[in-house]
Amino acid sequence: MALSIGIVGLPNVGKSTLFNALTKAQNAQAANYPFCTIEPNKATVAVPDRRVDALTAKAKPKKTVYASVDFIDIAGLVRGASQGEGLGNQFLANIRECAAIVHVVRCFADDNVTHVDGRVDPLRDVDTIETELLLADVQSLERRLERLQKMAKGSKDARMSADFVQSLLAHINEGRPARDFPLPQNDALLTVWRESAMLTAKPVIYCANVDEDSVAEGNALAGALEDLARQRNAGFCRICAKLEEDLHGLSEEEQAEMLSSYGIKESGLARIIRTGYVTLGLCSYFTAGPDEVRAWTIRKGTKAPQAAGVIHTDFERGFIRAEVIAYEDYMSRPGEAACRADGVLRVEGKEYVVNDGDIMHFLFNV
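The rules behind the values
Residues numbered from 1 in each chain as written. Predicted model: local features only at pLDDT ≥ 70, side-chain atom pairs only at ≥ 80, totals over all residues. Heavy atoms only, no water. Core = buried A, V, L, I, M, F, W, Y, C linked by side-chain atoms within 4.5 Å. Buried < 20%, exposed > 50% of the residue type's maximum accessible area, 1.4 Å probe, protein only. Helix = DSSP H or I, 4+ residues; strand = E, 2+ residues; numbered from the N terminus. Expected span 1.5 Å × (residues − 1). Contact = heavy atoms within 4.5 Å. Polar contact = N/O pair within 3.5 Å; in protein donor to acceptor, adjacent residues only side chain to side chain. Pairing = 2+ DSSP bridges. Axes fitted to C-alpha atoms, helices over the stretch in contact; angles between N-to-C directions. Phe/Tyr/Trp six-rings, centres within 6.5 Å; stacked < 30°, edge-to-face > 60°. Lys NZ or Arg CZ within 6 Å of the ring centre and 35° of its normal.

Enquirer: Kindly report on the nonpolar core, identifying the contributing residues and their values.
Expert: In terms of nonpolar packing, the biggest core is built from 51 residues, with Val 69, Phe 71, Ile 95, Cys 207 and Ile 272 touching the most fellow members. In terms of residue count, helix α9 (residues 268-280) provides more of this core than any other element does, 5 residues in total. By size, the runner-up hydrophobic cluster in this structure holds 18 residues, among which are Val 105, Val 126, Val 204 and Ile 264.

Laid out in structure tokens, this is it:
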């Protein structure tokens with residue numbers, strides 16, 4: 001499963017600059033005026049993982065495949081977006097299928113970069129965006145409720161679904177995000193929940209875009225945003241989009257040297273992805289051999305058959321057993337044969353819960 005992240009925020013907060021830096025593609029125009037992004041930008045980037053690098057050096061495969069993240073950057077949202085103001089409202093559908101939302105918030109002062117509301121205020125900016133996402137969900141649910149109420153006259157299931165959507169709509173109309181609404185226990189209602197693809201149901205990562213001098217220790221603006229994230233049990237990361245863009249084109253050694261000069265050890269890309277994995281409860285397992293080393297993304301707590309299904313549905317359907325080697329055990333021995341001889345290669349069945357970093361080989365029959 002690829003991790004998909006939608007990038008939202010007001011105009012001129014550094015979304016497109018960040019997108020350029022994260023994707024190293026420079027294909028999202030960055031300009032000092034609102035609505036410079038008029039089409040949604042999409043890119044798939046490899047997840048930095050030193051374990052994949054180490055496995056590649058050890059196994060020397062013909063091919064290496066990293067886990068990937070899909071980033072989707074839409075036009076900046078403004079107050080009134082749900083009523084058609086600005087351009088961002090046209091592209092909200094592009095992020096409805098994303099697993100998480102990165103909310104980029106400006107946390108730096110610069111008279112040369114205009115602010116759509118006149119002055120920098122992270123908490124006000126968060127409230128503006130989240131209000132528009134709530135209103136977009138209200139509109140979507142109202143349309144769904146209207147259809148269900150028409151169907152409810154002749155269908156008990158549709159009536160139950162309509163009652164559920166009505167309760168959810170009342171919750172959101174009170175200004176509360178869908179993620180705070182208790183999940184239904186009924187399978188049919190869970191389907192309605194999933195199909196509604198509510199923007200405010202998605203986990204949020206608040207991303208403080210700071211100046212170069214604040215990237216290591218932060219500043220008062222970023223601190224206020226971090227406090228808000230903590231109160232809401234949301235993800236938080238601090239980046240400098242301008243610095244990330246400056247890293248583009250540098251060698252790994254040059255990047256490390258530049259990051260170190262600012263008192264940080266990893267890029268914004270690594271921080272955002274790491275925060276995304278934690279926020280969504282994701283981890284990776286690996287397959288390794290002479291043909292290919294590959295990282296596979298799963299949710300923590302996934303059992304072996306379902307992990308196998310990420311590779312191919314036949315692997316899950318015909319699952320027999322899995323051969324498993326912990327990453328540290330694999331790396332501390334010459335190869336798989338030595339792991340087998342030392343007894344650190346384990347045979348696991350259908351109830352085995354896959355651990356982050358497991359190196360796995362699946363046996364199946366269909």
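Enquirer: Before we move on, can you summarise helix α4 (residues 156-173) with the specific residues and values?
Expert: If you check α4, its first and last C-alpha atoms are 26 Å apart, about what 18 residues at 1.5 Å a residue would give, namely 26 Å. Looking only at α4, the buried set comprises Ala 158, Ser 161, Ala 162, Phe 164, Val 165, Leu 168, Leu 169, His 171 and Ile 172. Lining the buried residues of α4 we find α3 (122-151) and α5 (187-196). A distance of 3.4 Å separates the backbone nitrogen of Asp 157 from a side-chain oxygen at the start of α4, and that oxygen is part of Ser 155. Trailing α4 by a residue or two, Gly 175 shows a phi angle of about 85°, which is positive.

Enquirer: Could you give me a rundown of the sheet that holds strand β7 (residues 235-239), with the residues and numbers involved?
Expert: An order of β2-β4-β1-β5-β6-β7 is seen for the 6 strands of this open sheet, with the pairing classed as mixed. Edge positions in the open sheet fall to β2 (41-46) and β7, since each of these has one partner strand only. On average, each strand axis in the sheet is tilted by 25° relative to the strand beside it, whichever way the strands run. With 6 bridges joining them, strand β5 (residues 100-106) and strand β6 (residues 204-209) adopt parallel strand pairing.

Enquirer: Give a detailed account of the pairing of strand β10 (residues 319-325), specifying residues and quantitative values.
Expert: Within β10, 5 of the 7 residues are buried, which leaves the element mostly enclosed by the surrounding structure. Relative to strand β12 (residues 359-364), β10 is paired through 6 bridges, and the arrangement is antiparallel. What sits directly across from Arg 321, in β12, is Leu 363.

Enquirer: Provide a residue-level description of the packing of aromatic side chains, including the pertinent values.
Expert: Centre-to-centre distance and the angle between the planes together describe a pair of aromatic rings. Summed over the entire model, instances satisfying the criterion amount to 6 aromatic pairs. Ring centres 6.4 Å apart and planes at 55° place the aromatic pair Phe 286 and Tyr 327 in the tilted group. Remark: Tyr 327 occurs in helix α12 (residues 327-331) and Phe 286 occurs in strand β8 (residues 282-288); sequence separation between them is 41 residues. Of the two residues, Phe 286 and Tyr 327, neither departs from the other in class, the shared state being buried. In textbook terms, an aromatic cluster arises when at least three aromatic residues are bridged by ring pairs, as seen for Phe 164, Phe 181 and Trp 193. Sitting over the face of the ring of Tyr 330, Lys 58 holds its NZ or CZ atom 5.9 Å from the ring centroid. Against the face of Phe 108 rests Arg 106, its NZ or CZ located 4.6 Å from the ring centre.

This is a description of form; function is not addressed.
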